[in-house]
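Report on the structure
The chain contents come next:
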Amino acid sequence: MIWINAGIFSEVIDARDGRKSTILISQFPIKSWFDMFSDGTYADACLARITDKKHSYRLEMNGRSMREPV
């Protein structure tokens with residue numbers, strides 16, 4: 001399991017929220033992000049900001065990995 005330092009991540013997201021564009025890239029599905037936080041309060045706050053439907057765009061890439069040999 002990968003753990004996110006919730007305090008630092010929260011500071012970055014809070015500082016940029018509504019002021020700057022932020023691009024997040026993950027190989028994990030969004031539904032598993034909450035479990036990566038050690039603190040549910042930080043998880044709720046961060047995820048609410050970065051998954052806001054009005055100001056976020058989500059691209060999901062599905063298909064064969066380009067790293068796998070053909």
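Residues numbered from 1 in each chain as written. Predicted model: local features only at pLDDT ≥ 70, side-chain atom pairs only at ≥ 80, totals over all residues. Heavy atoms only, no water.

1. Topic: the overall build of the chain
Across its full length, the chain carries two helices and zero strands. The C-alpha radius of gyration of the chain comes to 14 Å, more than 25% above the 11 Å expected for a compact globule of 70 residues. Principal-axis analysis of the C-alpha atoms places the extent of the chain at approximately 45 × 30 × 15 Å. Expressed as a percentage of its 70 residues, the buried residues of the chain come to 14%. Summarising the internal contacts of the chain: among those between residues at least 6 apart in sequence, 60% fall at separations of at least 24. Surface summary for the chain: the accessible area is close to 6400 Å², and the carbon and sulfur share equals 54%. The positive charge centre, built from 10 side chains, and the negative charge centre, built from 9, are 8 Å apart in the chain. (Helix = DSSP H or I, 4+ residues; strand = E, 2+ residues; numbered from the N terminus. Rg over C-alpha atoms; globule rule 2.2 N^0.38 Å. Buried < 20%, exposed > 50% of the residue type's maximum accessible area, 1.4 Å probe, protein only. Contact = heavy atoms within 4.5 Å. Areas by Shrake-Rupley, 256 points an atom, 1.4 Å probe, with all protein chains shown as cover. Lys, Arg positive; Asp, Glu negative; His and termini not counted. Charge placed at Lys NZ, Arg CZ, Asp CG, Glu CD.)

Read these as spatial facts, not as claims about activity.
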